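Below are the chains, spelled out letter by letter.
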Amino acid sequence: MLLQAYLGDGFRVLEEGFGGRTIAFDDPVEGGYKSGMVYLPPCLMSHNPLDLVAIMLGTNDTKQRFAMSAPAIAQALARLIRLCHLYALDARGEPSRVLIIAPSPVRMEVLGTLMAGTFDARSVEVSEQLAEEYQRIARLMRCAFLNAADFCSASTEDGVHLTAAGHRALARGVADKVLEIFKEE
């Protein structure tokens, strides 16, 4: 729980990460229970009150089998944000704030790995466009925004996942953004 450590005792971080999770799809190859859209409402309601919901999804939506464009993935993200506004409430009963984190792009190295059948060159291209699309959606929907690529990149080993150092750098960047968001109060 790097983020919790960086934020300290004044914050409580609830992690809901799950390998292979997408914004909108259950995975026909990896199995069900992957759709963030299905999972999010009961998850949020079970944790309320929430001051902030941070979402970093989209890498798995670039998989070859889903054939999604960056604008389509961003539109799915907008729907996920609307779910946050409906189901995540702060202690006053107001909608929780939302922080959108654009994931680091998939790297071309993925083409030389066992994941080459899952991610392809188009996945790399689409993933490189997500930050711009996510920032546009965050602005339109009045959400905070962070680009993970400003802090880390996918490993050269598999082209998709972060290294331990990348996780630390991203956690530090997210912590700084969270502190900035709450400093505005």
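Refer to the structure printed above.
Here is what the cut-offs are and how they apply
- Along each chain, the written sequence defines residue order, and numbers are assigned to residues from 1.
- Where local features are concerned, this predicted model is filtered to residues with pLDDT of at least 70; where side-chain atom pairs are given and counted, the filter is 80 or more; whole-chain, interface and lining totals use all residues.
- Only hydrogens and water are removed before side-chain values are computed, so all heavy atoms of the structure are retained for them.
- Comment: elements are numbered from the N terminus, with helices defined as DSSP H or I runs of at least four residues and strands as E runs of at least two.
- Residues adjacent in sequence count toward polar contacts only when both atoms are side-chain atoms; beyond that, a polar contact is any pair of N or O atoms within 3.5 Å, and within protein one must be able to donate a hydrogen and the other to accept it.
- Burial classes: relative accessible area under 20% of the type maximum marks a residue as buried, over 50% as exposed, and values in between as partly exposed (1.4 Å probe, protein chains only).
- Any Lys or Arg side-chain nitrogen located within 4 Å of an Asp or Glu carboxyl oxygen qualifies as a salt bridge.

(A) Region of the structure containing the environment of Leu-7. Its location among the elements puts Leu-7 in helix α1 (residues 2–7). Separated by 172 residues in sequence, Leu-7 and Leu-179 have C-alpha atoms that sit 7.7 Å apart.

(B) Fine view of the side chain of Asp-61. You can see Asp-61 is positioned in the loop between β1 (52–55) and α3 (70–87). Here the side chain of Asp-61 touches Ile-23 through a polar contact of 2.9 Å, landing on its backbone nitrogen.

(C) Representation of the environment of Arg-172 in the model. With respect to the helices and strands, Arg-172 occurs in helix α5 (residues 164–183). Look at Arg-172 and you get partly exposed, because its relative accessible area is 33%. C-alpha of Arg-172 to C-alpha of Tyr-33: the two residues are 139 residues apart in sequence and 29 Å apart in space.

(D) Just the pattern of salt bridges, in detail. Evaluated as defined, the whole model comprises 10 salt bridges. Ionic pairing is found between Asp-27 and Arg-65, a salt bridge with its closest N-O pair at 2.9 Å. Remark: Arg-65 occurs in the loop between β1 and α3 and Asp-27 occurs in the loop between α1 and α2 (36–47); sequence separation between them is 38 residues. With relative accessibility at 30%, the residue Arg-65 sits in the partly exposed group. Across the salt bridge formed by Asp-90 and Arg-92, the nearest N and O atoms sit 2.9 Å from each other. Asp-90 gets classed as buried once you look at its relative accessible area, which sits at 10%. Since its relative accessible area comes to 68%, Arg-92 is described here as exposed. A cluster of three or more residues bridged by salt bridges with shared partners is formed by Asp-27, Glu-30, Lys-34, Lys-63 and Arg-65.

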